[in-house]
Amino acid sequence: MNVQEIRKDFPILEETVNGHPLVYLDSAATSQKPRQVIEVLQKYYEHDNSNVHRGVHTLGSRATEAYELAREKVARFIRAKSAEQVVFTRGTTESLNMVAYGYARQQLKEGDEIVLTPSEHHSNLIPWQQVARTTGAVLKYIPLQPDGTLAMEDVKTAITPATKLVAMAHVSNVLGTIHPVREIAALAHEVGAIMVVDGAQSVPHMPVDVQDLGCDFLAFSGHKMCGPTGVGVLYGKRELLDVMEPTYFGGEMIDIVELHSATWKDTPYKFEGGTPIIAGAIGLGAAVDYLSSIGMEEIRSHDQKLVAYALERLSDMPGLSIYGPKSGVNRGGLVTFNLDGVHPHDVSTVLDAEGIAIRAGHHCAQPLMRWLNVGSTARASFYLYNTESDIDALFHGLQSAKEFFQHAIG
Ligand code: PMP
């Protein structure tokens, strides 16, 4: 993998920010987009733009073909058995809400248990709270180990015959922990429960094979994997998608409409009411082509190298606390930290003055912040276009931030 060549694909990396070359360390929030994706979007709008599945004119057929080809590309990328198991959504949040609304709310009843972890992103937490509120199901949390990982004995204790659904992130967006979702899916299946995986931070960064993982649903976002914003995916096992209710009702998702009733199309179209996310899906297809041309194994090992280097460089810095596993081996490409006595927003502001973009805040994981006993944290996250020199820049930026605030505090 030639990172210097890859960097040339990303026009935004030529930006200067506050007089410094941009050092973009916020890909867990959203990734940058390569020329190959931007050009496909431009070409679509310049040459093929039309609504899909409706007209019988030439542009309509071209747009429909491109949209359905994108579905096939995504299916191959995650090794789904068939393209019909890929539903285009607005992103991870919408995908998870659709499962909560259309599947869990219909299938769960009072006393059923939903097993989660306390480190979930709000979008893999609040939908299940809502399911619990409306069905009487109960939320159960697998405790975290001090480094944010899960102990299999705790997972085994949490999953019982009352469990109907287990939901967790494949990779935590705060701690970087990679959860053993294949093993946990097997435990869920032993008791007849389904396994919902939030793949927002895994699908962009490592090979993900839904058949190998055995997950029942997988949700992810295009914008974190070099694709456009506004598009994401819900993958589901066919038999579950078939019983799952649509969330949105209207044009395109119907079969026959009477004055007092209607029937739906088959999966996946029954979930894509209204004009679908045509350009977004085509752009995501281009992103999948781009990532595949580099190779997900290569991207994963590049992330691993960067995170190991970042942990090595940052762990010696006095006054810097790093959260999550201390080794880069079984960890996603991000490092979350706090600088003693300095608010993460201030850390981020000082870094921004040097052209370095990181994320500061609660990362949509307030219960996890409480577990860490902090209000918020800073997070640097890496992707295929980052280099060790970006991490050196972060290290020097953090040193400047420390000095600046030590002087300011006096
Ligand atoms: N889950 C995880 C683990 C995430 O990191 C994110 C994005 N920060 C989401 C869910 C939500 O993704 P989106 O905002 O694209 O719907």
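The residue numbering used here restarts from 1 in each chain and proceeds along that chain's sequence as written. In keeping with the predicted nature of the model, local features appear solely for residues at pLDDT of at least 70, side-chain atom pairs appear and are counted solely at 80 or more, and the whole-chain, interface and lining totals rest on all residues. Only hydrogens and water are set aside; all other atoms, that is, all heavy atoms of the structure, feed into the side-chain values.

1. Observations concerning the sheet that holds strand β10 (residues 232–236)
So, step 1. Read from one edge to the other, the open sheet built from seven strands follows the order β4-β10-β9-β8-β7-β5-β6, with strand pairing classed as mixed. The open sheet has two edge strands with one neighbour each: β4 (86–89) and β6 (138–141). Put simply, the sheet's adjacent strands are angled 20° from each other on average, direction ignored.
So, step 2. We treat two strands as partners when DSSP finds at least two bridges between them. Going along the chain from the N terminus, every DSSP run of H or I of four or more residues is numbered as a helix, and every run of E of two or more is numbered as a strand. Examined bridge by bridge, strand β9 (residues 217–221) and β10 share five bridges and lie antiparallel to one another. By the bridge assignment for β10, S221 is matched with G232. Note on geometry: axes are C-alpha line fits, over the in-contact stretch for helices, and angles between N-to-C directions span 0 to 180 degrees.

2. Some points on helix α3 (residues 58–77)
Three- or four-residue spacings in an α-helix give side chains the same orientation, since the helix completes a turn every 3.6 residues.
So, step 1. The span one expects for a helix is its residue count, reduced by one, times 1.5 Å. Over its 20 residues, α3 runs 28 Å from end to end, which matches the ideal 28 Å to within 8%, given 1.5 Å per residue.
So, step 2. For α3, the elements touching its buried residues are α2 (35–48), β4, β9, β10, α10 (278–294) and α11 (296–315).
So, step 3. Looking one or two places after α3, you find R79, whose phi comes out positive at around 60°. Between two residues, a contact is recorded if the distance between any of their heavy atoms is within 4.5 Å.

3. A look at the nonpolar core
So, step 1. Residues F88, L218, L291 and L384 are the most contacted members of the largest nonpolar core, which totals 75 residues.
So, step 2. The biggest single contributor to this core is α10, with eleven residues.
So, step 3. With sequence-adjacent residues up to four places away left out, F88 is seen in contact with Y67, A70, R71, V74, V231, G232, V233, E272, A281 and L284.
So, step 4. Residues enter a nonpolar core if they are buried and are Ala, Val, Leu, Ile, Met, Phe, Trp, Tyr or Cys, with the set joined through side-chain atoms within 4.5 Å. Exposed residues in this analysis have more than 50% of their type's maximum accessible area, buried residues have under 20%, and partly exposed residues fall in between, with area computed by a 1.4 Å probe over protein chains only. L314, V335, V342 and L398 belong to the second largest nonpolar core, which has 29 residues in total.

4. Re the sheet that holds strand β17 (residues 377–381)
So, step 1. Reading across the sheet, the four strands line up as β13-β14-β17-β16 and stay open at both edges, with antiparallel pairing between neighbours. In this open sheet, the two strands that pair with only one neighbour each are β13 (320–323) and β16 (359–361). In this sheet, neighbouring strand axes are inclined to one another by 30° on average, regardless of whether the strands run parallel or antiparallel.
So, step 2. Note: β16 against β17, three bridges, orientation antiparallel.

Shape is all these values report; function is a separate question.
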